[in-house]
Amino acid sequence: MGTGDAATRAEKRARLAHPIETGALVGARWSPYGFDPRPLPAAELRSLLEAARWSPSSYNEQPWRLVAARREDGEPFERLLGCLVEFNQSWARHASALVLGVVVRRFAGRDADNPAAEHDLGLATAHLMLEATARGLSTHAMIGIDAGRARAAFAIPDGFDPLTAIAIGYAGTPGDQPDKLRDRDAAPRDRKPLAEFVFGGEWGRPAPCLED
Ligand SMILES: Cc1cc2nc3c(=O)[nH]c(=O)nc-3n(C[C@H](O)[C@H](O)[C@H](O)COP(=O)(O)O)c2cc1C
C-alpha cells in the first residue's frame, strides 16, 4: 500500500448517510496512530499552514498562533514532542511534523476576551487537516498536551494559551506499533446519526429537514 493510499484508506472512509461533495476530503480524512517517519518537505508544510491562514474567524481576529517543527528541525521537534502527554508521545514521535496550537485569549484592539478563540483555532486546524488530506498526508489532533510544559518550552507569554497539537505525516504501520493502536487504525470510523444532534422546533427532536 502506498502512503498516499494510507491517508485515505478504504476501510476508514466515512460511511455516508447523505451524499457530500467533499467526500474525497471530509469523508476520507482519518486520524492514524501509525505514522511512517518520512521527511515532510517544508513546502508541503507551508501549504498546510497557508490553508489554516485562510480559515474564517470571528471579526477576522485570527486568534491563533502555531508552533511548527519538522522532524529534520531536530531539537525543536523533540521539544514539541516533549509537550505531549506520554501516550500521545508514544505514537506521535513517528510523525513527520508537529504543530502546537495556541489560542490568543484577548482581542487585539479591544479590552475584552474573544469568546470565539478556541472555536477559531479549531476551524483553522480543520482547514489544515483537509489540505493535508488533499495532499495524501495524514493528521491527528491532540488535546493531550501539557500546556504548562509547552508554555515554558517555547516561552509563550501570558494571554496566549497552548491548547492542542497536531501530528502530521504519512500514515503507516511502524514495526513497534502496539496491537491496540494497530486495531484502532484498522477499525471503521463511526459517528452519531444526524437525528441525534440536529434539532428543529423542539429540543431533542430531529429537525424536519432530516425527514423526506
Ligand atoms: C481537538 C481534538 C483533540 C484530540 N485529542 C486527541 C488526543 O489527545 N489523543 C488522541 O489519541 N486522539 C485525539 N484526537 C483524535 C480523535 O480521537 C479522533 O479525531 C476521533 O476519534 C475521530 O476519529 P477520526 O479523526 O479518525 O475520524 C483528538 C481530536 C480532536 C479534534
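Residues numbered from 1 in each chain as written. Predicted model: local features only at pLDDT ≥ 70, side-chain atom pairs only at ≥ 80, totals over all residues. Heavy atoms only, no water.

Examining the packing of helix α3 (residues 42-53) against helix α6 (residues 117-134)
Piece 1. Put simply, α3 and α6 touch, their axes get as near as 7 Å, and they point 140° apart. Our classification of the angle between α3 and α6 gives oblique. With respect to the hand of their crossing, α3 and α6 are arranged in right-handed fashion. Facing S47, L48, L49, A51 and A52 of α3, the residues of α6 in contact are A124, H127, L128, E131 and A132. (Axes fitted to C-alpha atoms, helices over the stretch in contact; angles between N-to-C directions. Helix = DSSP H or I, 4+ residues; strand = E, 2+ residues; numbered from the N terminus. Parallel < 35°, antiparallel > 145°, perpendicular 65-115°, else oblique. Left-handed = near helix turned anticlockwise from the far one by under 90°. Contact = heavy atoms within 4.5 Å.)

Structural notes on the site of the ligand
Piece 1. Near the ligand, the surroundings consist of 14 residues, among which S31, Y33, I143, R189 and R191 are the closest.
Piece 2. H140 is positioned with one of its side-chain polar atoms (N or O) 2.9 Å from a nitrogen atom of the ligand.
Piece 3. Here the ligand, which alone exposes 620 Å², has 62% of that area covered by the protein.
Piece 4. Residue assignment for the shell around the ligand shows that the elements contributing at least two residues are α5 (86-92) and β4 (138-142). (Near = heavy atom within 4 Å. Polar contact = N/O pair within 3.5 Å; in protein donor to acceptor, adjacent residues only side chain to side chain. Areas by Shrake-Rupley, 256 points an atom, 1.4 Å probe, with all protein chains shown as cover.)

A word on unusual backbone geometry
Piece 1. With phi around 50°, N60 is a residue other than glycine that occupies positive phi space.
Piece 2. Judged by relative accessible area, which is 53%, N60 ranks as exposed.
Piece 3. In this structure, Q62 takes a positive phi of about 50° despite not being glycine. (Buried < 20%, exposed > 50% of the residue type's maximum accessible area, 1.4 Å probe, protein only.)

Some details on the pairing of strand β5 (residues 160-171)
Piece 1. Here β5 lies mainly inside the structure; nine of its twelve residues are buried.
Piece 2. With two bridges connecting them, strand β1 (residues 35-36) and β5 associate as antiparallel partners. Bridge assignment links D36 to a residue of β5, and that residue is Y170.
Piece 3. One ladder, built from eight bridges, connects strand β3 (residues 97-104) with β5; its direction is antiparallel. The residue of β5 that forms the bridge with V99 is I166.
Piece 4. As paired elements, β4 and β5 share five bridges and run antiparallel to each other. Within the sheet, the bridge partner assigned to A141 lies in β5 and is I166. (Pairing = 2+ DSSP bridges.)

Some thoughts on α6
Piece 1. The end-to-end C-alpha distance of α6 is 26 Å, a good match for the 26 Å that 18 residues give at a rise of 1.5 Å each.
Piece 2. Those residues of α6 that fall on the buried side of the exposure criterion are A117, D120, L121, A124, T125, L128, M129, A132 and T133.
Piece 3. Those residues of α6 hidden inside the fold are in contact with α2 (23-27), α3, β2 (64-70), β3, β4 and β5.
Piece 4. Immediately beyond the C-terminal end of α6, within one or two residues, lies G136, with a positive phi of roughly 75°. (Expected span 1.5 Å × (residues − 1).)

So, to be careful, I would describe these as geometric facts and stop short of saying anything about function.
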